[in-house]
Protein chains: 2
Amino acid sequence: MRVKKISHVAIASEDPDQAKLLYEDILGLNFTGSEAIEREGITTYFYEVGESNIEVLEALSKESPVGKFLIKRGAGIHHIALEVEDLDGYVVKLREAGITIMSEEPLPGAHGMRIIFIHPKSTGGVLIELSEKME
Amino acid sequence: MRVKKISHVAIASEDPDQAKLLYEDILGLNFTGSEAIEREGITTYFYEVGESNIEVLEALSKESPVGKFLIKRGAGIHHIALEVEDLDGYVVKLREAGITIMSEEPLPGAHGMRIIFIHPKSTGGVLIELSEKME
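Source: prediction; values computed, not measured. (Residues numbered from 1 in each chain as written. Chains lettered and ligands numbered in written order. Predicted model: local features only at pLDDT ≥ 70, side-chain atom pairs only at ≥ 80, totals over all residues. Heavy atoms only, no water.)

### Points about the interface of chain B and chain A
The criterion, for reference: Any pair of residues with heavy atoms lying within 4.5 Å of one another is described as a contacting pair. Once two parts are put together, the accessible area they lose, assessed with a 1.4 Å probe and summed over both, is termed the buried area. Any Lys or Arg side-chain nitrogen found within 4 Å of a carboxyl oxygen on Asp or Glu counts as a salt bridge. Counting of polar contacts relies on pairs of N or O atoms within 3.5 Å, with two restrictions inside protein: one atom must be capable of donating a hydrogen and the other of accepting it, and residues adjacent in sequence are counted only when both atoms are side-chain atoms.
With 39 residues of chain B at the interface, the matching set in chain A holds 39 residues. Interface of chain B and chain A: buried area, both sides summed, is about 3100 Å²; carbon and sulfur atoms make up 70% of it. When residues of chain B are sorted by the area they lose upon contact with chain A, B:Ile26, B:Leu27 and B:Ile77 head the list and together hold 19% of the total. Our enumeration of links across chain B and chain A arrives at zero salt bridges. For the interface between chain B and chain A, the tally reads seven residue pairs in polar contact (both at pLDDT 80 or more).

Next comes the structure, spelled out in structure tokens:
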């Protein structure tokens with residue numbers, strides 16, 4: 001059971017085209033594609049940074065979690081995702097420590113990962129995703 | 001001129017001891033030490049994650065930038081730092097693109113880096129630090 005790396009830093013965006021200009025054209029990151037995740041009501045745009053990614057999130061509706069975040073907090077960093085080994089072991093350990101996980105079970109995420117989210121109230125205000133590659 | 005990696009994700013914290021419990025004891029990250037940066041009015045606590053760090057920021061006063069952030073937004077992710085090659089080249093390129101840098105010149109940061117901050121109004125709400133190792 002260990003954290004391997006920062007999988008991505010996710011950014012809630014009002015303007016994915018402006019984000020593309022910044023991350024690809026100006027900073028020179030490699031844009032590796034986009035993926036719609038219907039369950040979460042978002043389209044994600046991936047930019048490689050070393051072993052990690054910056055993941056720009058576009059809300060598909062105002063009622064989606066990211067849509068609500070944009071209304072409440074405005075555009076900005078939304079969450080940090082850590083890739084782990086033994087996600088199920090972490091689920092047990094987090095629950096034992098009294099930390100709130102936002103789903104009963106790991107859910108399917110982008111790029112063929114299983115993911116959980118740890119509630120910001122348990123982390124000092126940070127929405128943390130833990131992810132593991134599906135076998 | 002290129003971005004090498006995510007240097008760190010910085011988290012403004014009301015409770016560095018609670019953060020240590022989460023990042024070190026529960027998630028199992030390696031705590032590598034702390035550093036006071038008087039100019040910014042913060043103490044930083046570093047936790048290794050792959051090639052990157054999670055950097056927990058403690059405000060030394062309410063008047064410091066992180067102290068003001070905590071009052072205005074509450075605890076949570078404060079900024080993302082990207083390590084680059086040719087920081088001076090990026091300064092020129094960012095200014096040409098009309099992007100606001102928050103200092104005239106690169107400033108000394110933690111761990112012997114030269115750093116600049118890009119203003120969130122130029123990035124879609126994200127405070128972005130660019131850093132380069134001093135020669």
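### Details of helix H1 (residues 16–26) of chain B
Here is the rule: Exposed residues in this analysis have more than 50% of their type's maximum accessible area, buried residues have under 20%, and partly exposed residues fall in between, with area computed by a 1.4 Å probe over protein chains only. Counting from the N terminus, the helices are the DSSP runs of H or I reaching at least four residues and the strands are the DSSP runs of E reaching at least two.
Residues of H1(B) that are buried: B:Pro16, B:Ala19, B:Leu22, B:Tyr23 and B:Ile26. Taken together, the buried residues of H1(B) touch helix H3 (87–96) and strand S8 (128–133) of chain A together with strand S1 (2–13), strand S3 (42–49) and strand S4 (52–59) of chain B.

### A few points about the sheet that holds strand S4 (residues 52–59) of chain A
Residues and elements named next belong to chain A. In plain terms, the rule: When DSSP finds two or more bridges between a pair of strands, those strands are recorded as paired. Every axis corresponds to a line fitted to the C-alpha atoms, with the helix fit spanning only the stretch in contact, and the corresponding angles, defined between N-to-C directions, vary from 0 to 180 degrees.
Reading across the sheet, the eight strands line up as S2-S3-S4-S1-S5-S8-S7-S6 and stay open at both edges, with mixed pairing between neighbours. Two strands bound the open sheet, and with one partner strand each, they are strand S2 (30–37) and strand S6 (107–108). Pairing between strand S1 (residues 2–13) and strand S5 (residues 76–85): nine bridges, direction antiparallel. In the sheet register, Lys-5 faces S5, and the bridge partner there is Glu-83. Here helix H1 (residues 16–26) sits on the sheet and contacts S1, S2, strand S3 (42–49) and S4; the angle it forms with S3, its principal contact strand, is near 5°.

### Concerning the sheet that holds strand S8 (residues 128–133) of chain B
Residues and elements named next belong to chain B. Spatially, eight strands are ordered S2-S3-S4-S1-S5-S8-S7-S6 in an open sheet, and the strand pairing comes out mixed. One side of each edge strand has no neighbouring strand; the edge strands of this open sheet are strand S2 (30–37) and strand S6 (107–108). Strand contacts of helix H3 (residues 87–96): S1, strand S5 (76–85), strand S7 (113–118) and S8, with the helix running at about 15° to S7, the strand carrying the most contacts.

### Quick notes on the relation of the copies chain B and chain A
Heads up, the rule is: For the least-squares superposition of copies, only C-alpha atoms count, and only for residues with pLDDT at least 70 in both.
Mapping chain B onto chain A calls for a screw motion: a turn of 180° about the axis and a shift of 0.0 Å along it, with 0.0 Å RMSD after fitting. The symmetry that links the two subunits is that of a two-fold axis. In this assembly the copies share their binding face: 100% of the residues contributing to the interface of chain B also contribute to that of chain A.

### Points about the nonpolar core
Short version of the rule: Working definition of a nonpolar core: buried Ala, Val, Leu, Ile, Met, Phe, Trp, Tyr and Cys residues. They are joined through side-chain atoms within 4.5 Å.
Membership of the largest hydrophobic core comes to 60 residues, with the highest contact counts inside it found for A:Tyr23, A:Leu130, B:Tyr23 and B:Leu130. With sequence-adjacent residues up to four places away left out, A:Leu130 is seen in contact with A:Leu82, A:Val84, A:Leu87, A:Tyr90, A:Leu94, A:Arg114, A:Ile115, A:Ile116, A:Ile118 and B:Leu27. Core analysis: the next-biggest nonpolar cluster, separate from the first, contains 11 residues, B:Phe46, B:Val66, B:Phe69 and B:Ala75 among them.

### As for the environment of A:Gln18
Residue placement: A:Gln18 occurs in helix H1. Separated by 44 residues in sequence, A:Gln18 and A:Lys62 place their C-alpha atoms 20 Å apart. When neighbours within four sequence positions are excluded, A:Gln18 is seen to be in contact with B:Ser122 and B:Gly124.

### Structural notes on the pattern of salt bridges
Residues and elements named next belong to chain B. Throughout the structure, instances matching the rule amount to 16 salt bridges over all chains. In this structure, Arg-114 engages Glu-132 in a salt bridge whose closest nitrogen and oxygen atoms are separated by 3.4 Å. In this pair, Arg-114 is assigned in strand S7 and Glu-132 in strand S8, connecting sequence segments 18 residues apart. Arg-114 gets classed as partly exposed once you look at its relative accessible area, which sits at 22%.

### Comments concerning H1(A)
Tucked inside the fold, the buried residues of H1(A) contact S1, S3 and S4 of chain A together with H3 and S8 of chain B. Count one or two residues on from H1(A) and you reach A:Gly28, which has phi positive near 85°.

### Some details on unusual backbone geometry
Residues and elements named next belong to chain A. One non-glycine residue, Asp-86, adopts positive backbone phi at about 70°. Inspection of the secondary structure assignment puts Asp-86 in the loop between S5 and H3. Residue classification places Asp-86 among the partly exposed positions, given a relative accessible area of 36%.

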